[in-house]
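Each chain, letter by letter, is given below.
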Amino acid sequence: MRRTAALIAAALIATGAAAQQHAGLSPLAASPEELRNIQRHGPWPQPVPRDPSNRVSGKAEAIALGRALFFDPRLSPRADLSCASCHLPERTLTDGRERAQGGGPAKPRLDRNTPGLWNVAQGRWFGWDGGSDSLWSFTPRPILHPDEMGASPAHVARLLRDDANLACRYAQAFGRAVPPEADAETALVDAAKALAAYLETLVSGKSAFDEFREALARGDAAAAARYPADARRGLSLFAGKGLCSVCHFGPNFSNGEFHNIGMPHMVEPGRVDPGRHGGIRRVRADKYNRLGAYSDDATRTSGSRTLHLTENHGNYGQFKVPSLRNVALTAPYMHDGRLATLREVVRHYSELDIDRLHQDGDALLKPLRLSDAESEDLVAFLRTLTSRGFPDLNPVTGPCKPQGQR
């Protein structure tokens, strides 16, 4: 570890010298600990973990079915809302709204911001409150919720059964025909598992930060010098003084846990969003969780975290730490979308009102008191987490061919 840190430090010194010589850039002033923190944010991309509670996780035929369902507005009874209606491909799988908009004639404004879906398979818990313990068990929530798609298990089963193309893809994914109406819930769960298999494939490409990190790791000063000077200073703040990397940790820039960061959680007068406190209650009661009958993990080992969850008062006002990958493309920010820009997010942490923290909130958080220049540098760094490329997000085209046909 010491030798690695020394090599990185030497590369940084060389990077600074080369930058000053060729473009008048300032070197990154980083401590050995900051250098170690930088290396912990890679490599990227990470392998996609397979979900033992979903027997079709990673299966090509299930991915094809899930992809078809993701873009199909007929999942909603009025055929006016698909998954892609809120997770818009042209908006980096978000919707650009402060809070999500539901379906139906009323189109209600929901309580929370629509999260992005890139790299979603790297998560431990799903939803802003972590109310689901797997990607597939989260998926029925928007399908069934009366303010979102407003569907039923029977509706999903009929769609899969009556559409020849979907029925064909279902048979290829699960090795049997769509269950009869009496077992519609199994069809719903299978649809959720296929959707999850597709969502697992949504992995974004490398960013300018990843290229810089790799250049440091191999001691390539010329390549590292291409990383902008303001982003290098912002990275130093992120990995050092700002303590940002404590929560936005690892290759996906998230520790996958929940924190109180001093954001109001009043939805409207007289009604609060309990955050993680409500999520713990939800996931433990969820019949689709990893401990339930619909889990494909026969040992239930993957549900051990769910089994040991306990509610406590300190969970009020805690929300999931989102990944920062592609964060510059996913405004607005926070669980309710109340902050419109990255500059506002940085200002929140710089001017943090600790009196807003829950009484059992995170003692780690302190006002950063950043200068204007430091704030701009931090934003510049966050912008370098934008991926260079993204996989194709077009719907499935062409008919499903039954096995044995060409």
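Please read all numbers here as calculations on a predicted model, not as lab measurements.

Rules used in this analysis
- Residues numbered from 1 in each chain as written.
- Predicted model: local features only at pLDDT ≥ 70, side-chain atom pairs only at ≥ 80, totals over all residues.
- Heavy atoms only, no water.
- Helix = DSSP H or I, 4+ residues; strand = E, 2+ residues; numbered from the N terminus.
- Rg over C-alpha atoms; globule rule 2.2 N^0.38 Å.
- Buried < 20%, exposed > 50% of the residue type's maximum accessible area, 1.4 Å probe, protein only.
- Contact = heavy atoms within 4.5 Å.
- Lys, Arg positive; Asp, Glu negative; His and termini not counted.
- Charge placed at Lys NZ, Arg CZ, Asp CG, Glu CD.
- Axes fitted to C-alpha atoms, helices over the stretch in contact; angles between N-to-C directions.
- Parallel < 35°, antiparallel > 145°, perpendicular 65-115°, else oblique.
- Nonpolar A, V, L, I, M, F, W, Y, C, P; charged D, E, K, R; others polar.
- Domains from an automatic or database assignment.
- Buried area = accessible area lost by both parts, 1.4 Å probe.
- pLDDT = per-residue confidence, 0-100.
- Polar contact = N/O pair within 3.5 Å; in protein donor to acceptor, adjacent residues only side chain to side chain.
- Core = buried A, V, L, I, M, F, W, Y, C linked by side-chain atoms within 4.5 Å.
- Phe/Tyr/Trp six-rings, centres within 6.5 Å; stacked < 30°, edge-to-face > 60°.
- Lys NZ or Arg CZ within 6 Å of the ring centre and 35° of its normal.
- 1 Å grid on protein atoms, 1.4 Å probe; cavity = no way out; pocket = protein on both sides within 12 Å on 5 of 7 lines; lining within 4 Å.
- Points joined across faces, edges and corners; volume = space filled by probe spheres on them.

Draft legend 1. Region of the structure containing the overall build of the protein. Within the protein one finds 16 helices and four strands. Relative to the globule expectation of 22 Å for 406 residues, the C-alpha radius of gyration of the protein, 23 Å, shows essentially globular dimensions. Expressed along its principal axes, the backbone C-alpha trace of the protein runs to roughly 70 × 60 × 40 Å. Buried positions account for 52% of the 406 residues belonging to the protein. Long-range contacts, defined here as pairs at least 24 residues apart, represent 72% of the contacts in the protein between residues at least 6 apart. Charged side chains in the protein number 51 positive and 45 negative. The centres of these two groups are separated by 4 Å.

Draft legend 2. How the structure looks around the packing of helix α2 (residues 32-39) against helix α12 (residues 229-239). Where α2 meets α12, the axes come as close as 9 Å, and the angle between the chain directions of the two elements is 100 degrees. The angle between the axes of α2 and α12 places the two elements in the roughly perpendicular class. Seen from α2, the contacting residues are Glu34, Asn37 and Ile38; seen from α12, they are Leu235, Ser236 and Ala239. Grouping the amino acids of the contact of α2 with α12 by side-chain chemistry returns three nonpolar, two polar and one charged.

Draft legend 3. Expanded view of the domain arrangement of the protein. As assigned here, the protein comprises domain 1 (1-48 + 204-267 + 321-396) and domain 2 (60-199). Counting residues at the interface gives 29 residues for domain 1 and 28 residues for domain 2. Roughly 2300 Å² is buried in total at the junction of domain 1 and domain 2, and carbon and sulfur atoms are behind 60% of that figure. Area buried by domain 1 at its contact with domain 2 is led by His335, Leu393 and Val396, which between them contribute 26% of it.

Draft legend 4. Structural view of the confidence of the model for the protein. The pLDDT averaged across the protein works out to 89; a share of 90% of its residues lies at or above 70. Overall, residues 1-27 carries pLDDT values under 50, and its contacts beyond four positions in sequence, including any with other chains, amount to 37 contacts.

Draft legend 5. Layout of the side chain of His248. On the secondary structure map, His248 appears in the loop between α12 and β1 (258-259). Classification of His248 by relative accessible area gives buried; the value is 14%. Looking at His248, its side chain comes within polar contact range of the main-chain oxygen of Phe253, at 3.1 Å. Beyond its immediate sequence surroundings of up to four residues, His248 is in contact with His41, Phe238, Phe253, Ser254, Val321, Pro322 and Leu324.

Draft legend 6. Layout of the nonpolar core. If you look at the biggest cluster of nonpolar residues, it comprises 45 residues, and the most contacted ones within it are Leu65, Phe70 and Leu160. A total of 11 residues in this core trace back to one element, the largest contributor, which is helix α9 (residues 184-199). When near neighbours in sequence (up to four residues on either side) are disregarded, Phe70 contacts Ser82, Cys83, Ala84, His87, Leu93, Leu117, Leu195, Tyr198 and Leu199. Formed by 37 residues, the second largest nonpolar core is a distinct cluster that contains Ala231, Ala239, Ile261 and Leu357.

Draft legend 7. Looking closely at the packing of aromatic side chains. Enumeration according to the criterion identifies 11 aromatic pairs in this entry. Between the aromatic rings of Phe212 and Tyr227, the centroid separation amounts to 4.2 Å while the plane-to-plane angle is 10 degrees, which identifies the pairing as stacked. Note that Phe212 is positioned in helix α10 (residues 208-218) and Tyr227 in the loop between α11 (221-224) and α12, a separation of 15 residues in sequence. Exposure class is identical for Phe212 and Tyr227. Each is buried. Among the aromatic residues, those joined into a cluster by ring pairs are Phe209, Phe238, Phe253 and Phe381. The ring of Trp136 carries Lys193 above its face, with NZ or CZ at 4.7 Å from the centroid. Here the guanidinium or amino end of Arg276 rests over the ring plane of Phe258, the centre of that ring lying 4.1 Å away.

Draft legend 8. Structural detail: the layout of surface pockets. A volume near 280 Å³ is recorded for the second largest pocket. Considering the residues around the second largest pocket, the lining is formed by 17 residues, among which Pro49, Asp51, Ala121, Gly123 and Arg290 are closest to the centre.

Draft legend 9. Seen up close, the environment of His41. Relative to the elements of secondary structure, His41 occurs in the loop between α2 and α3 (60-70). The exposure class assigned to His41 is buried, which follows from its relative accessible area of 1%. Apart from residues no more than four positions distant in its own chain, His41 is found in contact with Phe209, Asp210, Arg213, Phe238, Ser245, His248, Phe249, Gly250, Pro251, Phe253 and Arg325.

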